[in-house]
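# Coordinate inspection notes
Residue strings, one per chain:
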Amino acid sequence: RGAPRAARRPRPGPVVPLRGLRIPGLDRDLEGELRAAREHLRLVDEARALGLHELPSEDLERVLALAGG
């Protein structure tokens, strides 16, 4: 789902601030969405560390939702 994990990780180089970033025709909180995506990845990494990655994906999503992700 989406880009490969390596493509979602931060890369060295210039940082583009997202606060106030506007895309014509798009009225979304990109900063908030990226913050939520980072938190989700953090929870997924924690789940893997606990061995929960072996659960079926729908069960893992349910556990993550209960954990606040």
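Residues numbered from 1 in each chain as written. Predicted model: local features only at pLDDT ≥ 70, side-chain atom pairs only at ≥ 80, totals over all residues. Heavy atoms only, no water.

Our next topic: the overall build of the protein. The secondary structure content of the protein amounts to three helices and zero strands. Scanning the protein from its N terminus toward the C terminus, one meets helices and strands in the order α-α-α. Looking at the protein residue by residue over its 69 residues, the buried ones come to 12%. (Helix = DSSP H or I, 4+ residues; strand = E, 2+ residues; numbered from the N terminus. Buried < 20%, exposed > 50% of the residue type's maximum accessible area, 1.4 Å probe, protein only.)

A few words on the environment of Val63. Locating Val63 in the fold gives a position in helix H3 (residues 57-66). When the C-alpha atoms of Val63 and Leu43 are compared, they prove to be 9.8 Å apart, with 20 residues separating the residues in sequence. Contacts of Val63, omitting those with residues within four sequence positions, involve Leu52 and Leu55. (Contact = heavy atoms within 4.5 Å.)

Averaged over the protein, the pLDDT score is 75; the fraction of residues at 70 or greater is 71%. Across the protein, the element-wise mean pLDDT spans from 59 in helix H1 (residues 5-8) up to 84 in helix H2 (residues 30-49). (pLDDT = per-residue confidence, 0-100.)

This part is about the nonpolar core. If you look at the biggest cluster of nonpolar residues, it comprises five residues: Leu43, Val44, Ala47, Leu60 and Leu64. Broken down by secondary-structure element, the contributors of at least two residues to this core are H2 and H3. Looking at this core element by element, the count peaks at three residues for H2. (Core = buried A, V, L, I, M, F, W, Y, C linked by side-chain atoms within 4.5 Å.)

Once that is clear, we can look at H2. When the terminal C-alpha atoms of H2 are compared, their 29 Å separation across 20 residues agrees well with the 28 Å that a helix rising 1.5 Å per residue should span. Among the residues making up H2, those that are buried are Leu30, Gly32, Leu41, Leu43, Val44 and Ala47. Directly after H2, the chain includes Gly51, whose backbone phi takes a positive value near 85°. (Expected span 1.5 Å × (residues − 1).)

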